[in-house]
2 protein chains.
Amino acid sequence: MEITFIAMILFLVHVQLIQNYSYITKYIEVPLDHFSFTNSYMFKLRYFVNDSYWSDCGPIFFYTGNEGNIETFAENSGFMWELAPAFRALLVFAEHRYYGESLPFGNASFSNPKRLGYLTSSQALADYVYLLQYLGKYCKKENPVIAFGGSYGGMLSAWLRMKYPSSVWGAVASSAPIWQFQGLVSCEIFNKIITFVFDISSLHKCPKIIKRSWSAIRVVTSTSSGRRWLSTDWKLCKALTTPEDIHTLTDWLEEVYGNLAMANYPYETDFIVPLPAHPVKVFCDRLFCSTSSEPEFLLHQLGKALSVYTNYTGNTRCIDVSQSPNGSLGDIGWDFQACTEMIMPMCSGDLDMFENESWNFTKYAEDCYKKWKVGVRRADSVVLEYGGKDLKTTSNIIFSNGLLDPWSGGGVLNDASDSVLAVVMPDVAHHLDLRASNPADPSSVRNARKFYIRVISEWLQKYYKEH
Amino acid sequence: MEITFIAMILFLVHVQLIQNYSYITKYIEVPLDHFSFTNSYMFKLRYFVNDSYWSDCGPIFFYTGNEGNIETFAENSGFMWELAPAFRALLVFAEHRYYGESLPFGNASFSNPKRLGYLTSSQALADYVYLLQYLGKYCKKENPVIAFGGSYGGMLSAWLRMKYPSSVWGAVASSAPIWQFQGLVSCEIFNKIITFVFDISSLHKCPKIIKRSWSAIRVVTSTSSGRRWLSTDWKLCKALTTPEDIHTLTDWLEEVYGNLAMANYPYETDFIVPLPAHPVKVFCDRLFCSTSSEPEFLLHQLGKALSVYTNYTGNTRCIDVSQSPNGSLGDIGWDFQACTEMIMPMCSGDLDMFENESWNFTKYAEDCYKKWKVGVRRADSVVLEYGGKDLKTTSNIIFSNGLLDPWSGGGVLNDASDSVLAVVMPDVAHHLDLRASNPADPSSVRNARKFYIRVISEWLQKYYKEH
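If you're wondering where the values come from, they're calculated on a predicted model, not measured in any experiment. (Residues numbered from 1 in each chain as written. Chains lettered and ligands numbered in written order. Predicted model: local features only at pLDDT ≥ 70, side-chain atom pairs only at ≥ 80, totals over all residues. Heavy atoms only, no water.)

(A) Spatial organisation of the sheet that holds strand 10 (residues 420-425) of chain A. Residue and element names in this part refer to chain A. Strand order in the open sheet formed by eight strands is 1-2-4-3-5-6-9-10, with mixed pairing between adjacent strands. In this open sheet, the two edge strands, each paired with only one partner strand, are strand 1 (24-31) and strand 10. Looking at each pair of strands side by side, their axes are set apart by 20° on average, direction ignored. In the packing of helix 16 (residues 443-466) onto the sheet, the strands contacted are strand 3 (60-64), strand 5 (145-150), strand 6 (170-174), strand 9 (397-402) and strand 10, and the crossing angle to strand 10 comes to about 165°. (Pairing = 2+ DSSP bridges. Helix = DSSP H or I, 4+ residues; strand = E, 2+ residues; numbered from the N terminus. Axes fitted to C-alpha atoms, helices over the stretch in contact; angles between N-to-C directions. Contact = heavy atoms within 4.5 Å.)

Right under this line is the structure:
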């Protein structure tokens, strides 16, 4: 009987047509501060609902929004849409406070720490619990809630289950680096994985060239004519002038490489920015002819290769390296989060394609203070709040990771218990599994999705048996 | 082998001499607000440590301080002191923020919601986690932490395990009414249990007389001469004048009856206030001759009976009914907590010894706003934060309750799982089990303590096996 139920769900998902992502936009007033009574300020949190598949008070599939407009996540989490009809689920996508339209103080939300300081994961989780309780009132009987999320959203979905198990029955945390924090994993792992991705996408050629490019940049930009040349050759919006500009450029480059690895999907996408299929391979292919030892030649080729990322649409007029290359993701809010709570130690060294850089928390905190006027108390507040590597006391969580995702280094790659399960996909980038099915999907992702359906079905059966 | 270990512990506890409660007072700087970055204010949280039994990094027995000076709890939790030598445990008693000396803004801490608003259970739990991490650094290997607490302190110890299972391995939550919140238990249960305690302590006589006393108070205080007479007869510090004064008096009386039931211990104590053994029986004995239907006579006898509570030492010169009768417990802070987060619906009716009073949240919230200038958003924030009656996903908690404790109505009286265990003591008042052993202890408490020792030993064995 149980096997039949799961088989039926699998069949229903299989025959499901590709969805149009249609939803109703709603808002709920939530408290600015769930954990004190110093003020009673409320603000509007945005969320999307699709109830067209929901019947007889089926489960709620709840996306725990992360650092961006909720549209981005609603439209890049096709797996949830594909599941909904078979499970007769209500689809809810909740926007994270301080992103998209969910700005507690409108455009003034980022003006100072008094206003921005409520941007924390704990407050976001409490928003979601608040919303879920409200949604629960729609239904006579209680609905099981399954949280979904990718990346930081996946961390939130796992933490939601860990901290509020009465509100959330299970969580699918895709590419959630909940261990990318002080003392839990080594700081170079992220950059090592990026290097690995570029390496296997290019028959081991690309990282060597990129590694050389850093000194080429130093050499070329050491003269004012070189800086002018590079600014023109790369079509930078603002010409490189000061040493600070060079620093900004190299930071930007590092971020682009990370994003290329993350979004190294087997088909064309428009998640972070518009990208071709296998963008790392495309990038490296364009770089290949850069075997000349001439710095200018290397950089010219690198500039061409970068346009895979910066100008896949062909519409980009100039490149603004002072802006985060994160496109649709909210960089202001995330920069604040990374400076306060989400402090993820990063470093690079001889074993990767980046310039050597050690992790220096003191300097990091100083820089953050300059930017945000917030004193960072400690690097490990996430570890303290969510318990570090201890997952023994929670349950009903799937942690999935693609090994080609740089964030998998901070992910959970082994089962922690019978019901805290790790799914590892060797040939997959950042939360590809949460996206809609695609003919180009590798079998590892197809199998993972089938596994999720089976596990979610089992969770729900257990729920209905117990309630 | 395991049974031998437990038997040894039981033996060691048995031969343990009665302790002197000696401790070192320490302070730790903790963040005022653990859940936002709007300020970086830190304040000194007080805690007591006794490491004289601690060796080889044994467990930490951690009292989660509740609404009062931490001395009160350190000196009324003798069970922990009796356990420490056998378990070679470090004893820690942490003071709850906004009580005792742990005032974030000194004497100005209660001046307005901007300062007082950080008095919430979530912030208190985060203080304890912060302190525990600091304590953990004393030791090379990680120490298992067992939280202990009584009443609200018991709620905190259970919630600490539920929310921070990586910081706390197990919890003994004595007389912790974690379900005394909206929608979880009926609002009259507290007063029904008080009535039951007075009933069985007096061969069913006392509640009838008390029930009659309310109308006697109304009749007598309806004239100014009656108010004068009662004020003198009861030695009130401030003569009754206004209807508001009468209301204050009856509120105070209700609280005294509740406290008498809570502290209805089988031997003389000085916990809330100094009291004789079996204070409810002593109280009722003094009331017995009040069979006359004369209101003044009844009230005169009631005044005499009340002196069991108000003047057991014989040193009280007058009774100040405008002050909470809670003696050593911090009434200002608790009043704020009861008005914001710890909203426990209470009512009384025909089946108890109190005047009829329904639960009216709107009025309650209005009164709270008048007092504290804090808008109470909702009555069920505790239910939302801690998950209501759902205890299936937590583990390693003992909930103990005496059925003669009015708070047992909101307590956990049945096992929730293999490791969330309920201990019910039929003939016991408010967290008697946490107190030091006493020859007058009923066998239910003695057996309960043996059971705790066995369970804690099992928890610790499991911990050492897994770590």
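(B) A look at the interface of chain B and chain A. On the chain A side, the residues contacting the 39 residues of chain B number 39 residues. Considering only the side of chain B, the residues that lose the most area to chain A are Phe35, Phe37 and Arg377 of chain B, jointly responsible for 23% of the buried surface there. Here chain B and chain A share two salt bridges between them. One salt bridge in this structure joins Glu466 of chain B and Lys392 of chain A, with 3.6 Å as the shortest N-O distance. Between chain B and chain A we count 19 residue pairs in polar contact (both at pLDDT 80 or more) in total. Looking at the side of chain B that touches chain A, the element that brings in the most residues is helix 5 (residues 121-136) of chain B, giving five residues. For the side of chain B that touches chain A, a count of residues per class yields 13 nonpolar, 14 polar and 12 charged. (Buried area = accessible area lost by both parts, 1.4 Å probe. Salt bridge = Lys/Arg side-chain N within 4 Å of Asp/Glu carboxyl O. Polar contact = N/O pair within 3.5 Å; in protein donor to acceptor, adjacent residues only side chain to side chain. Nonpolar A, V, L, I, M, F, W, Y, C, P; charged D, E, K, R; others polar.)

(C) Quick peek at the state of the cysteines. Residue and element names in this part refer to chain A. Applying the stated criterion across every chain yields a total of eight disulfides over all chains. Note that Cys187 is cross-linked by a disulfide to Cys347, the S-S spacing being 2.1 Å. In this structure the cystine formed by Cys187 and Cys347 twists about its S-S bond by roughly 85°; its chirality is therefore right-handed. Within this pair, whereas Cys187 is found in the loop between strand 6 and helix 7 (189-200), its partner Cys347 is found in the loop between helix 13 (331-340) and helix 14 (361-372), the two being separated by 160 residues in sequence. Across the pair, exposure class does not vary: Cys187 and Cys347 are buried alike. (Disulfide = S-S within 2.5 Å. Buried < 20%, exposed > 50% of the residue type's maximum accessible area, 1.4 Å probe, protein only.)

(D) Structural view of empty space enclosed by the protein. Taken as a whole and assessed by the stated rule, the structure comprises eight cavities of 30 Å³ or more. Volume-wise, the largest cavity comes out at about 380 Å³. Taken together, 30 residues make up the lining of the largest cavity; nearest its centre are Met162 and Lys163 of chain A together with Met162, Lys163 and Pro165 of chain B. Looking at the lining of the largest cavity, its residues break down into 11 nonpolar, 11 polar and eight charged. (1 Å grid on protein atoms, 1.4 Å probe; cavity = no way out; pocket = protein on both sides within 12 Å on 5 of 7 lines; lining within 4 Å. Points joined across faces, edges and corners; volume = space filled by probe spheres on them.)

(E) Expanded view of the relation of the copies chain B and chain A. Aligned on chain A, chain B shows an RMSD of 0.0 Å; the corresponding rotation is 180° and the shift along the axis is 0.0 Å. As the rotation angle and translation indicate, the two copies are arranged about a two-fold axis. Judged by C-alpha distance, Lys163 of chain B is the residue of chain B that lies nearest the rotation axis, at 2.9 Å. Comparing interface residues between copies, 100% of those in chain B also lie at the interface in chain A; the contact surface is shared. (Least-squares fit on C-alpha atoms with pLDDT ≥ 70 in both.)

(F) Region of the structure containing the packing of helix 7 (residues 189-200) of chain B against helix 10 (residues 243-262) of chain B. All names here are of chain B. Packing of helix 7 against helix 10 brings their axes to within 10 Å, and their N-to-C directions diverge by 65°. By crossing handedness, the relation of helix 7 to helix 10 is classed as left-handed. Contact residues: helix 7 offers Ile194, Val197 and Phe198, while helix 10 offers Tyr257, Gly258, Leu260 and Ala261. Taken together, the residues of the contact of helix 7 with helix 10 sort by class into six nonpolar, one polar and no charged. (Left-handed = near helix turned anticlockwise from the far one by under 90°.)

(G) Summary view of the domain arrangement of chain A. Residues and elements named next belong to chain A. Taken domain by domain, chain A holds domain 1 (3-181 + 388-466) and domain 2 (189-372). Relative placement of domain 1 and domain 2: their C-alpha centres are 30 Å apart. Facing 38 residues of domain 1, the contacting portion of domain 2 comprises 32 residues. Inspection of the region where domain 1 meets domain 2 yields zero salt bridges. Inspection of the region where domain 1 meets domain 2 yields eight residue pairs in polar contact (both at pLDDT 80 or more). Those elements that place two or more of their residues in the side of domain 1 that touches domain 2 are helix 2 (70-74), helix 4 (113-116), helix 5 (121-136) and helix 6 (152-163). (Domains from an automatic or database assignment.)

(H) Fine view of the sheet that holds strand 4 (residues 90-94) of chain B. Residues and elements named next belong to chain B. Overall, mixed pairing links the eight strands, which are arranged 1-2-4-3-5-6-9-10 in an open sheet. Single-partner strands in this sheet number two, and they are strand 1 (24-31) and strand 10 (420-425). For this sheet, the mean angle separating the axes of adjacent strands, direction not counted, is 20°. Both strand 3 (residues 60-64) and strand 4 contribute to a ladder of five bridges, which runs parallel.

(I) A nonpolar patch on the surface, seen in detail. Together, Leu403, Leu413 and Val424 of chain A make up a nonpolar patch on the protein surface, roughly 190 Å² of accessible area in all. In this fold, Val424 of chain A is placed in strand 10. (Patch = residues over 30% accessible without salt bridge, like charges linked within 9 Å, V, L, I, M, F, W, Y side chains within 5 Å. Areas by Shrake-Rupley, 256 points an atom, 1.4 Å probe, with all protein chains shown as cover.)

(J) Here's a closer look at the nonpolar core. Ranked by size, the top nonpolar core spans 304 residues in total, and within it Phe198, Tyr257 and Phe283 of chain A together with Phe198, Tyr257 and Phe283 of chain B carry the most contacts. Those residues in contact with Phe283 of chain B that lie beyond four places of it in its chain are Phe198, Cys206, Ile210, Tyr257, Leu260, Leu302, Ala305, Leu306 and Val308 of chain B. (Core = buried A, V, L, I, M, F, W, Y, C linked by side-chain atoms within 4.5 Å.)

(K) Quick peek at the environment of Arg46 of chain B. All names here are of chain B. Position of Arg46 relative to the elements: it lies in strand 2 (residues 42-50). If we ignore the near neighbours within four places in the chain, the residues touching Arg46 are Thr25, Lys26, Tyr27, Asn69, Ile70, Glu71, Phe93, Ala94, Glu95, Gly100, Glu101 and Ser102. In this structure the side chain of Arg46 is engaged in a polar contact, spanning 2.7 Å, whose partner is the side chain of Glu95.

(L) Quick look at helix 7 of chain B. Between the first and last C-alpha of helix 7 of chain B there are 16 Å, a value that for 12 residues agrees with the 16 Å anticipated at 1.5 Å per step. Buried within helix 7 of chain B we find Phe190, Asn191, Ile193, Ile194, Thr195, Val197 and Phe198 of chain B. (Expected span 1.5 Å × (residues − 1).)

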